Amino acid sequence: MGKNCEGWTREQDELFWYLVGKRTSEEAIAAALNKTCQDLRRRGYVLGLPAKWFKSAENATLDTASIGRRGKVRGGPSIPFE
């Protein structure tokens, strides 16, 4: 189980590709691999992941971060339920 120059093992690379293929969120992949989201982006670039993955991962991060605890979008209009 040797590590390459960036500190990633072959097994981590394979798991990374598998999770990306399943459209797993960036945060979930980072947690599974014990890496940061920035580490994922760097490694994805090195591995030649398509640019759309970076955009979709970024959008998923933004979408998840914009939802509050009660399911309301932060910063959005407040519409009371009747």
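Scroll up a little and you will see the structure.
This write-up is about the structure you can find in this document. (Residues numbered from 1 in each chain as written. Predicted model: local features only at pLDDT ≥ 70, side-chain atom pairs only at ≥ 80, totals over all residues. Heavy atoms only, no water.)

1. A closer look at the environment of lysine 35
Here is step 1: Mapped onto the secondary structure, lysine 35 falls in the loop between α2 (26-33) and α3 (37-47).
Here is step 2: With 27 residues separating them along the chain, lysine 35 and tryptophan 8 place their C-alpha atoms 9.7 Å apart.
Here is step 3: Once you skip the residues sitting within four places of it in the chain, lysine 35 turns out to touch Gly7, Trp8, Gln12, Ala30 and Leu40.
Here is step 4: Looking at lysine 35, its side chain comes within polar contact range of the main-chain oxygen of glycine 7, at 3.2 Å. (Helix = DSSP H or I, 4+ residues; strand = E, 2+ residues; numbered from the N terminus. Contact = heavy atoms within 4.5 Å. Polar contact = N/O pair within 3.5 Å; in protein donor to acceptor, adjacent residues only side chain to side chain.)

2. With respect to the packing of helix α1 (residues 10-21) against α2
Here is step 1: At their nearest, the axes of α1 and α2 sit 10 Å apart, and the two run at 160° to each other. Classified by the interaxial angle, the pair formed by α1 and α2 is roughly antiparallel. Every pair of crossing elements has a handedness; the one defined by α1 and α2 is right-handed. Residues Gln12, Leu15, Phe16, Leu19 and Val20 of α1 form the contact with α2, whose own contacting residues are Ile29, Ala32 and Leu33.
Here is step 2: Partitioned by chemical class, the residues of the contact of α1 with α2 number seven nonpolar, one polar and no charged. (Axes fitted to C-alpha atoms, helices over the stretch in contact; angles between N-to-C directions. Parallel < 35°, antiparallel > 145°, perpendicular 65-115°, else oblique. Left-handed = near helix turned anticlockwise from the far one by under 90°. Nonpolar A, V, L, I, M, F, W, Y, C, P; charged D, E, K, R; others polar.)

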